[in-house]
Amino acid sequence: MAVIEFVKRHKETLTAVAVGVAMGWAGACLACLGNPKNTGICISCFMENLAGSLGLHNNIRMDYIRPELIGFVLGGMAAALIAKEFKAEGGSSPMLRFFAGILLIVGCSIFLGCPIRMILRLANGDFTAISAVIGLVVGVWIGFQFLKRGFYLGDISSMPFLNGLAIPAIFAALLLGLAFRPDFLHFSKVGPGAQEAHIKFSLGSGLIIGFLAQRSRFCITGSIGNFLASRDKKVIISLVAFALTALAVNLYKGFFTPGFEGQPGSHLAYGWSFMGMMLVGIVSAMIGGCPFRQLIMAGQGSMDAGAAVLGMIAGGAVVQAWDITSTNMGPTVYGEVATLAGLSLVLAAGLFLRVRE
Amino acid sequence: MKLDRFDFIVISAVAVLSAGAVFYGAAGYGTQTTTEAEARQDPEIAAQMAPKIAEAKALMNSGQMRQAASACKGICLADPADASAHALYGQVCSRLQDYPDAVKEFRMCLSLDADYADSKSRRFIGKIIKATIKECKPQFMLALSKNPNDKEAASDMENVHYLQRMLAGGCD
């Protein structure tokens, strides 16, 4: 009885810890089971894979439909339907959110990873990710300064129910594409796109994480922002659980290799990692969630998050096709220009979208 | 519309970032490092080089390392975008214990074609590169510890770190 009472009283905290543990465990295990090293879960890498699989870029090493992505969306949708929180709504600057989705992937591709992979890289001992952590925190802080000063993307209104099903339906169709592999979809034979954990494990962990994340409102940038705003330690409990679980799994499996040199999928351009993640932080704060959170919200019927998800797929294509994404040698010239231009655009947009009294 | 202090800070930041984007674009235009995507081999030159590479490989296998090195050097000069020539040259240099050139050639090879670092690919030479790194890294580190300003040793170590990152995998 006491246990049930405890669970009831701390339901929210326990859900937050559960999603953090599930994500840390799955993130570390997926890399052990076949996903690229340090890339058990990475929304930006997976979006680049997805764009490649759909034939939107020509890097034959980055083509795959990651079942984890499908799991996140459908798991989020299932949780929202069960909790009667599935609402088809939108209309809050969808086009701007589409471009925000592109910029999210641009920022991530400069650092080589989304905020989730940033934590997974740190948990693997990749200290090159430290500059990105600082960049993300600074970015979220800047984004919150805009929100505090009246940044507003417009009202959200209800939409016909079918609208909310659009993004989940697209991802369900992708699951069919993954299962039957028709000729028009591309799948890598070599490179990161060919490194995959078993589909059952990938999809299963995606569904569980998606479900729990919808219930706990898990969001990397949201947690950081709320912590900065309220100093409430509860809001970052899932982040801490995530990092510690991934660290524990890596230590147990012997994959913890601390250092700056020779880390998988990394580079030593710390300044650009900082800038890239700062861009991600600002954009995420402005549109109300990190890339992962956008997927979950799209699953629960948000058309605005759906626009951001479509933007992320387009971003995955753009960063690969235009050589914006960094390599092991560091960022490309196009990547540097895209980061600076992206930051400039976001700040300018923030200025124009302030509602003044 | 009345602008406040926050607006002026943001406007200044936008101006600096925009100028930075233009500056980086202008300064970096045309200086993109050679990547797999850009360094597409000329098929005609590649066809011409194929028998020469086979010849160099035969020289290496028969233990005539100096001749093999000379042949590889010629091929790499004639067709710098040929990853297989750089891979072979790297192996020859490694056997000759010319480690600085070996890591340089391996780096060139992997930057042109990442399949050479991919264990799923038939081109995979990761084990050879790892063995070379095991041999040469302590030497480079020793050189750097004796003289931290040794630019050549620093460059060699940079190449080693690049190779380690490539061999470690990851998604990029």
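Attention here is on the structure that accompanies the text. Being a predicted model, the structure only gives us computed values, none of them experimental.

### Quick word on the interface of chain B and chain A
On the chain A side, the residues contacting the 41 residues of chain B number 45 residues. Carbon and sulfur atoms make up 62% of the surface buried where chain B meets chain A, a total of about 3,500 Å² over both sides. Linking chain B with chain A are four salt bridges, by the criterion used here. Put simply, Asp 4 of chain B and Arg 354 of chain A hold a salt bridge, and the shortest N to O gap is 2.9 Å. Where chain B touches chain A, the interface holds ten residue pairs in polar contact (both at pLDDT 80 or more). If you list the elements that add at least two residues to the side of chain B that touches chain A, you get helix 1 (5-28), helix 5 (99-112) and helix 7 (151-168) of chain B. Among the elements that make up the side of chain B that touches chain A, the one with the highest residue count is helix 1 of chain B (13 residues). When the residues that make up the side of chain B that touches chain A are grouped by side-chain class, the tally is 16 nonpolar, 14 polar and eleven charged.

### A look at the layout of surface pockets
Residues and elements named next belong to chain A. The space that makes up the second largest pocket amounts to roughly 610 Å³. As for the second largest pocket, its lining consists of 24 residues, and the residues nearest its centre are Glu 12, Ala 16, Ser 216, Arg 217 and Phe 218. For the lining of the second largest pocket, the secondary structure elements donating two or more residues are helix 2 (11-32), helix 9 (199-216), helix 10 (220-230), helix 11 (237-253) and helix 12 (270-287). Sorting elements by how many residues they give to the lining of the second largest pocket places helix 2 first, with five residues.

### Here's the deal with the packing of helix 6 (residues 115-123) of chain A against helix 11 of chain A
Residue and element names in this part refer to chain A. In the contact formed by helix 6 and helix 11, the axes pass within 8 Å of each other and the chain directions differ by 40°. When the axes of helix 6 and helix 11 are compared, the pair comes out oblique. For the pair helix 6 and helix 11, the sense of crossing is right-handed. Contacts between helix 6 and helix 11 pair Ile 116, Ile 119, Leu 120 and Ala 123 from the former with Leu 239, Phe 242, Ala 243, Ala 246, Leu 247 and Asn 250 from the latter. Counted by class, the contact of helix 6 with helix 11 contains nine nonpolar, one polar and no charged residues.

Definitions and limits used
Residues numbered from 1 in each chain as written. Chains lettered and ligands numbered in written order. Predicted model: local features only at pLDDT ≥ 70, side-chain atom pairs only at ≥ 80, totals over all residues. Heavy atoms only, no water. Contact = heavy atoms within 4.5 Å. Buried area = accessible area lost by both parts, 1.4 Å probe. Salt bridge = Lys/Arg side-chain N within 4 Å of Asp/Glu carboxyl O. Polar contact = N/O pair within 3.5 Å; in protein donor to acceptor, adjacent residues only side chain to side chain. Helix = DSSP H or I, 4+ residues; strand = E, 2+ residues; numbered from the N terminus. Nonpolar A, V, L, I, M, F, W, Y, C, P; charged D, E, K, R; others polar. 1 Å grid on protein atoms, 1.4 Å probe; cavity = no way out; pocket = protein on both sides within 12 Å on 5 of 7 lines; lining within 4 Å. Points joined across faces, edges and corners; volume = space filled by probe spheres on them. Axes fitted to C-alpha atoms, helices over the stretch in contact; angles between N-to-C directions. Parallel < 35°, antiparallel > 145°, perpendicular 65-115°, else oblique. Left-handed = near helix turned anticlockwise from the far one by under 90°.

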